[in-house]
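So the chains spell out like this:
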Amino acid sequence: MRPLRIALTKGRLEKAAIDIFRNMGLDVSNLENKGRRLVLPLGDFEVVLVKPADVITYIEHGVCDIGIVGKDTIYEFPGSYYELLNLEIGRCKFALAAPNGTQFFGGYAEKTVATKYPEVTKEFFLKKGMDVRIIKIEGSVELAPLLGLADAIVDIVETGKTLKENGLSVIEDVVPISARVIVNMASLKLRKREIEDFVSAMSKAKTV
């Protein structure tokens, strides 16, 4: 049987996850000196470094057993998997922001909102009972209101510095975000003890 395979989001979450693995007593030397390798041994386990949305894909299709991914990706790409643990790393939030001084909720005209996250945005405004026009942007979403393409944006906010530098400010927080552990549904049935032990160890290590 192959080792348990962990799909890990590259970048900021990758670094925080390595700290947790180290606290678990695992040998993280391969992850710290990975070069261009994308599949790496982690003690008796195996780590696959992928982009956030691909964590979901690899978990759903069962080629990886455990995934570490931001809640933002889970909101945007719901699917068939179990969410077992909030790692409480990579904390930030989705927020609705608009040019300084904007009365976004005023008036009766339909509003236009630009975002990289249309599903999150749609759900937010549905709960408010508001009809808005949503435009998906792949690059710097802050440009949309500056150029008159949109009245506001929904985006991930950490410090708010980028918003401030572009004359935007938060109107309302949408939902908090942090990294989560997700698991393939079949894997949890077939390798229940292994997965539960690993996730339990992660839960203890994240508080160290």
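Here, every reference points to the structure presented above.
Residues numbered from 1 in each chain as written. Predicted model: local features only at pLDDT ≥ 70, side-chain atom pairs only at ≥ 80, totals over all residues. Heavy atoms only, no water.

### Focus: the packing of aromatic side chains
In this description, a pair of aromatic rings is defined by centroid distance and the angle of the planes. Which entries qualify depends on this criterion: Side-chain rings of Phe, Tyr and Trp, where Trp is taken by its six-membered ring, are said to pair if the distance between their centres is within 6.5 Å; with planes under 30 degrees apart they count as stacked, over 60 as edge-to-face, and otherwise as tilted. Only DSSP runs of H or I with at least four residues qualify as helices, and only runs of E with at least two residues qualify as strands; both kinds are numbered from the N terminus onward. Only protein chains enter the accessibility calculation, which uses a 1.4 Å probe. A residue is then buried if its area is under 20% of the maximum for its type, exposed if over 50%, and partly exposed in between.
One pass over the structure, following the stated rule, counts six aromatic pairs. With centroids separated by 4.9 Å and ring planes inclined at 70°, the aromatic side chains of Phe 94 and Tyr 117 adopt a geometry described as edge-to-face. Taken as a pair, Phe 94 in strand β6 (residues 92-99) and Tyr 117 in the loop between β7 (111-115) and α5 (118-128) lie far apart in primary sequence, 23 residues in all. Each member of the pair, Phe 94 as well as Tyr 117, is classed as buried.

### Observations concerning the side chain of Thr 121
The condition that has to hold: We call two residues in contact whenever any of their non-hydrogen atoms come within 4.5 Å of each other.
Examined against the element boundaries, Thr 121 turns out to sit in helix α5. Ignoring anything within four residues of it in the chain, the contact list for Thr 121 reads Val 113, Thr 115, Ile 134 and Val 154.

### Quick word on unusual backbone geometry
Of note, the phi angle at Glu 88 is positive, near 60°, even though the residue is not glycine. Summarising the element assignment, Glu 88 is placed in the loop between β5 (82-86) and β6. Classification of Glu 88 by relative accessible area gives partly exposed; the value is 37%.

### Remarks on the nonpolar core
Put simply, the test is: As used in this record, nonpolar core signifies buried Ala, Val, Leu, Ile, Met, Phe, Trp, Tyr and Cys residues forming a set joined through side-chain atoms within 4.5 Å.
Ranked by internal contacts, the top residues of the largest apolar core, which has 30 residues, are Phe 21, Leu 42, Ile 68, Leu 87 and Met 202. Grouped together as the second largest cluster of nonpolar side chains are 15 residues, Phe 94, Ala 152, Val 175 and Ile 177 included.

### Considering the pairing of strand β2 (residues 39-42)
In the case of a regular strand, side chains alternate between the two sheet surfaces. Note the following rule: Note on pairing: two strands pair once DSSP finds at least 2 bridges between them.
Burial of β2 is one-sided: the residues Leu 40 and Leu 42 facing one way are buried, the residues Val 39 and Pro 41 facing the other way are not. Alignment of β2 against strand β3 (residues 45-50), held across four bridges, turns out to be antiparallel. Within β3, the position partnered with Pro 41 by the bridge is Glu 46. The turn joining β2 and β3, which pair antiparallel and follow one another in sequence, is formed by two residues; a positive phi near 60° is taken by Gly 43.

### A short note on the sheet that holds β6
Remark on secondary structure: sheet strands pair via backbone hydrogen bonds, oriented parallel or antiparallel. Here is the rule we go by: Fitting a line to C-alpha atoms yields each axis, with helices limited to the stretch in contact; the angle taken between N-to-C directions then spans 0 to 180 degrees.
Read across the sheet, five strands follow the order β8-β7-β9-β6-β10 without closing on themselves; strand pairing throughout is mixed. Either end of the sheet is taken by a strand with one partner, and the two such strands are β8 (132-136) and β10 (168-177). Looking at each pair of strands side by side, their axes are set apart by 25° on average, direction ignored. Pairing between β7 and β8: five bridges, direction parallel. Opposite Thr 115, over in β8, you have Lys 136 as the bridge partner.

### Focus: the environment of Arg 22
Secondary-structure assignment places Arg 22 in helix α1 (residues 12-23). On the accessibility criterion, Arg 22 (35% relative accessible area) is partly exposed. On a C-alpha basis, the gap between Arg 22 and Ala 205 in space is 8.4 Å, while along the polypeptide they are 183 residues apart. Residues contacting Arg 22, with those up to four places away along its chain left out, are Val 28 and Glu 32.

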